[in-house]
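Listed below, chain by chain, are the residues.
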Amino acid sequence: MSALEKAAAGKVPATVITGFLGAGKTTLIRGLLEKADGRRLALIINEFGDVGIDGDILRACGNPTCTEDDVIELANGCLCCTVADDFVPAIEKLLARPEPPEHIIIETSGLALPKPLVQAFHWPAIKTRVTVDGVIAVVDAAAAAEGRFAPDPAALEAQRDAAGTVDHETPIEEVFEDQLLCADLIVVNKTDLVASGDLARVEDLIRGALSHAVGRDAKLVRASQGAVDPLVLLGVGAAVEDDLANRPSHHDDEDGHDHDDFTSFVVELPPQPDPARLAMTLEQVAGLHGVLRLKGFIDVPGKPMRLLVQGVGTRIQTHYDRLWKPGEERRSRLVVIGETGLDRDAVTRAVVG
Ligand SMILES: Nc1nc2c(ncn2[C@@H]2O[C@H](COP(=O)(O)OP(=O)(O)OP(=O)(O)O)[C@@H](O)[C@H]2O)c(=O)[nH]1
């Protein structure tokens, strides 16, 4: 059945937003909600780690198109590994609403592989009712320009074994490439942080990764703050669930996949009177320990609003995102994500002081 036939058959389109940790997925979705123009969108949000931050950020945007009921958070892990328990029931719940959504947006965790998730759309409970309109991969152009997703030639040389062969993919590169290889559209985000020459290099890197997918032609679009016209993002009509054979993955031969390569934990902090100082400390800690992602909310004494802290690599940003609610516990908590081996105790000590 073609995508048009699926739409005619009354299937609800779903768009999967993928992209490595901190690429700008939540930011892009926030922009999409602002331009929803009355269209009933529902969100399913999945995060690595058991504290839901992204759902909270999206709800805090105060957008009328984004009520409590419109956001389903599936914290703790990876959608593709919890399909039966979490994902399929979440879709069924959305479809059972008196006014079902016109479009479902699914934000995967930054470490999730999109292909197994799309495979879930073959489950009998949803197969006849939902189609995957498109997979969108968001790329942090600044991180890519810094070489975070490309093999380091010196490291490659060091890995060369006696037979002269080398397994050049690091876990980060594998996740990054899998996300690109499954995509219909690639949003090259954070263009405000990179010079035009570097941007061209990043696009070459992306096209190089895409060359593994013969016969497919994912489009690239540049963006800052994930701002892309919803007409470009939604309505791709790719019926991705029927096109998986053309989307290779590093994990195609595996029965499921695990997350042994990455780890996450929560650091509980005392109230922080000096946000600038906290940001400086976090920058140092992220650099010293190789933290990939940091995010959470902080209680700044005397301030009626909570402080949102966002760290991608060593780039730390803070802003007050909403008032603490009456009776809400003013907890200061940061989710920390890194590669396995990240020294939890040392990071916690350094952050808490
Ligand atoms: N300078 C700049 N910052 C951006 C841009 N897009 C997003 N950010 C910032 O990057 C950080 C991460 O953005 P998110 O939208 O939370 O990224 P994400 O992909 O949802 O992150 P995870 O869900 O943790 O993987 C935040 O501090 C954003 O404000 C951009 O285009 N330019």
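The rules we used
Residues numbered from 1 in each chain as written. Predicted model: local features only at pLDDT ≥ 70, side-chain atom pairs only at ≥ 80, totals over all residues. Heavy atoms only, no water. Near = heavy atom within 4 Å. Polar contact = N/O pair within 3.5 Å; in protein donor to acceptor, adjacent residues only side chain to side chain. Areas by Shrake-Rupley, 256 points an atom, 1.4 Å probe, with all protein chains shown as cover. Helix = DSSP H or I, 4+ residues; strand = E, 2+ residues; numbered from the N terminus. Nonpolar A, V, L, I, M, F, W, Y, C, P; charged D, E, K, R; others polar. Domains from an automatic or database assignment. Phe/Tyr/Trp six-rings, centres within 6.5 Å; stacked < 30°, edge-to-face > 60°. Buried < 20%, exposed > 50% of the residue type's maximum accessible area, 1.4 Å probe, protein only. Salt bridge = Lys/Arg side-chain N within 4 Å of Asp/Glu carboxyl O. Pairing = 2+ DSSP bridges. Axes fitted to C-alpha atoms, helices over the stretch in contact; angles between N-to-C directions. Contact = heavy atoms within 4.5 Å. Core = buried A, V, L, I, M, F, W, Y, C linked by side-chain atoms within 4.5 Å. Parallel < 35°, antiparallel > 145°, perpendicular 65-115°, else oblique. Left-handed = near helix turned anticlockwise from the far one by under 90°.

### Re the site of the ligand
Part 1 of the reasoning: Near the ligand there are 21 residues, and of these T26, T27, Q225, R293 and Q317 occur at the shortest range.
Part 2 of the reasoning: Note that an oxygen atom of the ligand is positioned 2.7 Å from one of the side-chain N or O atoms of R293.
Part 3 of the reasoning: Here the ligand has 650 Å² of accessible area as a free molecule, and 92% of this is covered by the chains.
Part 4 of the reasoning: It is helix α2 (residues 25-34) that contributes the most residues to the shell around the ligand, three residues altogether.
Part 5 of the reasoning: Tallied by class, residues from the shell around the ligand come to four nonpolar, ten polar and seven charged.
Part 6 of the reasoning: Looking at which domains feed residues into the shell around the ligand, each of domain 1 (3-246) and domain 2 (262-352) supplies at least three.

### Considering the packing of aromatic side chains
The description of an aromatic ring pair rests on the distance of the ring centres and on the angle between the ring planes.
Part 1 of the reasoning: Taken as a whole and judged by the stated rule, the model has three aromatic pairs.
Part 2 of the reasoning: A ring pair is formed by F20 and F149, whose centres lie 5.4 Å apart and whose planes are at 75°; its orientation type is edge-to-face. Here F149 lies in the loop between α7 (141-145) and α8 (153-159) and F20 lies in the loop between β1 (12-18) and α2, a separation of 129 residues in the sequence. The pair F20 / F149 is uniform in exposure class, with both members buried.
Part 3 of the reasoning: Centre to centre, the rings of F87 and F121 are 5.5 Å apart; their planes meet at 70°, and the pair counts as edge-to-face.

### Comments concerning the pattern of salt bridges
Part 1 of the reasoning: Considering all chains together, one arrives at 13 salt bridges under this definition.
Part 2 of the reasoning: Ionic pairing is found between E102 and R40, a salt bridge with its closest N-O pair at 3.7 Å. Within this pair, whereas E102 is found in the loop between α4 (83-95) and β4 (103-107), its partner R40 is found in the loop between α2 and β2 (41-46), the two being separated by 62 residues in sequence.
Part 3 of the reasoning: Accessibility expressed as a relative area gives 34% for E102, which makes it partly exposed.
Part 4 of the reasoning: You can call R40 partly exposed: its relative accessible area is 32%.
Part 5 of the reasoning: One network of salt bridges, in which partners are shared, links R40, E99 and E102.

### Re the sheet that holds β1
Part 1 of the reasoning: Across the sheet, which stays open at both edges, the seven strands sit in the order β3-β2-β4-β1-β5-β6-β7 with parallel pairing between neighbours. Two strands close off the open sheet at either side, each with one partner strand: β3 (71-74) and β7 (219-222). Strand-to-strand twist of the sheet, defined as the mean angle between neighbouring strand axes without regard to direction, takes the value 20°.
Part 2 of the reasoning: By the bridge criterion, five bridges tie strand β5 (residues 130-140) to strand β6 (residues 185-189) in an arrangement that is parallel. Bridged to D140 within β6 is N189.
Part 3 of the reasoning: Lying over the sheet, α2 contacts β1, β2, β4, β5 and β6, oriented at roughly 160° with respect to β4.

### Some details on the sheet that holds strand β10 (residues 305-312)
Part 1 of the reasoning: The antiparallel open sheet is built from five strands, whose spatial order is β8-β12-β9-β10-β11. Looking at the sheet topology across the chains shown, the edges are occupied by β8 (262-269) and β11 (315-323). The mean angle between the axes of side-by-side strands here comes to 15°, regardless of whether they run parallel or antiparallel.
Part 2 of the reasoning: Bridge count between β8 and strand β12 (residues 332-339): eight bridges; the pairing is antiparallel.

### A closer look at unusual backbone geometry
Part 1 of the reasoning: Here D37, not a glycine, exhibits a phi torsion of approximately 55°, which is positive.
Part 2 of the reasoning: Here D37 shows up in the loop between α2 and β2.
Part 3 of the reasoning: D37 sits in the exposed class, given a relative accessible area of 76%.
Part 4 of the reasoning: Of note in the backbone geometry, K190 takes a positive phi value of approximately 65° without being a glycine.
Part 5 of the reasoning: Structurally, K190 is set in the loop between β6 and α10 (196-210).
Part 6 of the reasoning: Under the relative-accessibility criterion, K190 is labelled buried at 15%.

### Quick word on the environment of D274
Part 1 of the reasoning: Note that D274 resides in the loop between β8 and α12 (275-289).
Part 2 of the reasoning: A residue is classified by how much of its surface remains accessible, and D274, at 36% relative accessible area, is partly exposed.
Part 3 of the reasoning: Along the chain, D274 and V300 lie 26 residues apart, while their C-alpha atoms are 7.5 Å from each other.

### Comments concerning the nonpolar core
Part 1 of the reasoning: Judged by nonpolar contacts, the single largest core of 62 residues is most densely connected at I44, F87, I91, I106, F121, L180 and I186.
Part 2 of the reasoning: Examining the composition of this core, we find that seven residues originate from one element, α4, more than from any other.
Part 3 of the reasoning: When residues of this core are assigned to domains, at least three fall in each of domain 1 (3-246) and domain 2 (262-352).
Part 4 of the reasoning: Listed in part, the 21 residues of the second largest apolar core include L33, I45, A223 and L233.

### Some words on the packing of α12 against helix α13 (residues 344-352)
Part 1 of the reasoning: Where α12 contacts α13, the axes come no closer than 9 Å and their chain directions differ by 160°. With respect to α13, the element α12 is oriented roughly antiparallel. Between α12 and α13 the crossing geometry is right-handed. Contact with α12, carried on its side by T281, L282, V285 and H289, involves A346, V347, A350 and V351 of α13 and no other residues of that element.

In short, shape yes, function no, at least from these values alone.
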